[in-house]
Amino acid sequence: MKRLKIQAVKKEAVNEKYLAALEPHIPPHAFACLLFIQTTGRRVGEAIALKRSDIDLETGKVTIGTTKNGDAATAKFIPQVIHFLRNNPSRHGLVFGFVTYNGIQNGLRRACKRAGVQYISTHQIWRHSFATNLHESEGWTSKAIADAGGWKTVRVVDDTYIHTNKISDKATDALGKKWAISKLKVV
């Protein structure tokens, strides 16, 4: 039997402008969860399973008992998430208050509609954007990104999670700078 060819959906990464557009339209617990995953690369399931006993608000450290890979992991909250958690009680005994993946997904879908921005699934926003944004920062290698986000291999980060934005423009700009300092002229 011949396998049908399925065209993969092009993944996108988002940045802080996208998150800023969402913030006024998304419930605070959902936004805190979004920031946590956006800045740590942790998976949605890992974030929504967090309990207060898994976190230390003084240091910002988070302990994730078992990841998808079967390993334990640690992460760190950014100051905005720590501030939110100090000032808001847990719901349902969970840090971000979501019992299921669908709860946060549906909230995100509604917030995107209200904000007038394109809806992009939670997995794509968080894991893909985490890798892409670090890749575009100076000094971040694929190995460092894989370690920081909890991926087992560098290859999966390179092949799946890093999305180059306007790469041909960046290449032209980089090479243009190199040639701008040369004495060659087009006659």
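Residues numbered from 1 in each chain as written. Predicted model: local features only at pLDDT ≥ 70, side-chain atom pairs only at ≥ 80, totals over all residues. Heavy atoms only, no water.

Chemist: Any chance you could explain the pairing of strand β3 (residues 73–76) here in plain terms?
Modeler: Put simply, side chains in a regular strand alternate between the two faces of the sheet. Burial along β3 is one-sided: Ala 73 and Ala 75 are buried, while Thr 74 and Lys 76, pointing the other way, are not. Looking at chain direction, strand β2 (residues 61–64) and β3 are connected through 4 bridges and run antiparallel. Paired with Thr 63 across the bridge in β3 is Thr 74. (Buried < 20%, exposed > 50% of the residue type's maximum accessible area, 1.4 Å probe, protein only. Helix = DSSP H or I, 4+ residues; strand = E, 2+ residues; numbered from the N terminus. Pairing = 2+ DSSP bridges.)

Chemist: Teacher, can you tell me more about the sheet that holds strand β1 (residues 55–56) here?
Modeler: By way of backbone hydrogen bonds, the strands of a sheet pair with one another, either parallel or antiparallel. Ordered in space as β1-β2-β3, the 3 strands form an open sheet in which the pairing is antiparallel. Sheet topology places β1 and β3 at the edges, where each strand pairs with a single neighbour.

Chemist: Just checking my understanding: could you explain helix α5 (residues 101–115) for this structure?
Modeler: Note on helix geometry: an α-helix contains 3.6 residues per turn, so any two residues three or four positions apart are oriented the same way. The end-to-end C-alpha distance of α5 is 21 Å, a good match for the 21 Å that 15 residues give at a rise of 1.5 Å each. Every buried residue of α5 is listed here: Ile 104, Gln 105, Gly 107, Leu 108, Ala 111 and Cys 112. Angular distribution of buried residues about the axis of α5 spans 165 degrees; they occupy a single face of the element. Of the residues flanking the end of α5, it is Gly 116, one or two places downstream, whose phi is positive at about 75 degrees. (Expected span 1.5 Å × (residues − 1). Arc of directions from axis to C-beta.)

Chemist: Which parts of the structure should I look at to understand the environment of Leu 19?
Modeler: By secondary structure assignment, the location of Leu 19 is in helix α1 (residues 16–22). According to the relative accessible area criterion, Leu 19 is buried, its value standing at 7%. Along the sequence, Leu 19 and Gln 38 sit 19 residues apart, while their C-alpha atoms lie 9.5 Å from each other. Those residues in contact with Leu 19, other than ones at most four positions away along the chain, are Phe 31, Leu 34, Leu 35 and Gln 38. (Contact = heavy atoms within 4.5 Å.)

Chemist: Explain the side chain of Thr 67 here, please?
Modeler: Relative to the helices and strands, Thr 67 resides in the loop between β2 and β3. Using a relative accessible area of 9% as the deciding quantity, one classes Thr 67 as buried. Residues in contact with Thr 67, not counting those within four places in the same chain, are Arg 42, Arg 43, Glu 46 and Ala 73.

Chemist: Hey, could you run me through the pattern of salt bridges in this one?
Modeler: As a working rule, side chains carrying opposite charge can pair if their charged atoms are close by. Considering all chains together, one arrives at 6 salt bridges under this definition. What you see here is one network of salt bridges that share partners, running through Arg 42, Arg 43 and Glu 46. (Salt bridge = Lys/Arg side-chain N within 4 Å of Asp/Glu carboxyl O.)

Chemist: Which parts of the structure should I look at to understand the nonpolar core?
Modeler: The tendency in soluble globular proteins is for nonpolar side chains to be buried side by side. Ranked by internal contacts, the top residues of the largest apolar core, which has 38 residues, are Phe 36, Val 62, Phe 77, Leu 85, Phe 96 and Ile 125. The dominant element in this core, judged by the number of residues it contributes, is helix α2 (residues 28–40), at 8 residues. Ignoring anything within four residues of it in the chain, the contact list for Phe 96 reads His 29, Ala 32, Cys 33, Phe 36, Ala 47, Leu 50, Phe 77, Val 81, Leu 85 and Arg 91. Counting residues in each nonpolar core, the second largest holds 9 residues, with Ala 131, Ile 145, Tyr 161 and Ile 162 among its members. (Core = buried A, V, L, I, M, F, W, Y, C linked by side-chain atoms within 4.5 Å.)

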